[in-house]
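# Survey of secondary and tertiary structure
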Amino acid sequence: MPLKPEEEAELRYTYDALITLLSDDSAFDAVLHAVFTNIDSKRDGTLDHKELQRYIAETCEEMGLEAPHRSQCRGIFRQLDLNDDNAISTEELGVFLRHFFQEQVAICALKLRPPRRP
Ligand SMILES: [Ca+2]
């Protein structure tokens, strides 16, 4: 289905923003830090199961989605916790976020038609 012009404009904006984030390390670090701080409610510099679960539940609620089950949250946690120390560091969240943004860029690119020539 073809995109409406406003949808295409929004998608293009998102695409450009993601490309910038992925190519500019200081911009990426700023976003990573903001997301991490948002999840780290105990402010101890690492994320635990409870913090991640609360964040996922809140994000789902904001998006009008049903929150995943506790066991699903544990699964997500294990995937993020690359060194298995039962805590998620900024670096570990960064690995995930970079993959996530790259995935979103690919999705945007697929939806956007190549620019038409006059
Ligand atoms: Ca860890």
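Thresholds applied
- Residues numbered from 1 in each chain as written.
- Predicted model: local features only at pLDDT ≥ 70, side-chain atom pairs only at ≥ 80, totals over all residues.
- Axes fitted to C-alpha atoms, helices over the stretch in contact; angles between N-to-C directions.
- Helix = DSSP H or I, 4+ residues; strand = E, 2+ residues; numbered from the N terminus.
- Left-handed = near helix turned anticlockwise from the far one by under 90°.
- Contact = placed C-beta atoms within 7 Å.
- Nonpolar A, V, L, I, M, F, W, Y, C, P; charged D, E, K, R; others polar.
- Buried ≥ 20, exposed ≤ 12 C-beta atoms within 10 Å, placed from the backbone.
- UniProt positions renumbered as here; feature names shortened; annotations may be inferred.

The name given to the protein chain in an unreviewed UniProt entry is EF-hand domain-containing protein, and the organism recorded there is Astrephomene gubernaculifera.

Before going further, it helps to spend a moment on the packing of helix α2 (residues 25–39) against helix α5 (residues 90–111). For the pair α2 and α5, interaxial distance at closest approach is 10 Å and the crossing angle is 115°. Of the two possible hands of crossing, α2 and α5 adopt the one that is right-handed. Here α2 contributes L32, V35 and F36 to the contact with α5, which in turn contributes T90, L93, G94 and L97. Looking at the contact of α2 with α5 residue by residue, the classes come out as five nonpolar, two polar and no charged.

Attention now goes to the environment of S41. Note that S41 resides in the loop between α2 and α3 (49–62). Overall, S41 belongs to the partly exposed group, with 13 C-beta atoms counted inside 10 Å. Remark: the alpha-carbon pair of S41 and Y55, spanning 14 residues in sequence, is separated by 9.3 Å. With residues near it in sequence (within four places) discarded, S41 still touches E51 and R54.

This next bit is on the UniProt feature "domain: EF-hand" (unreviewed entry) in the protein chain. In the numbering adopted here, UniProt assigns the feature "domain: EF-hand" (unreviewed entry) to residues 27–62 and 68–103. Split by type, residues 68–103 is 69% helix and 0% strand. Its first and last C-alpha atoms lie 21 Å apart.

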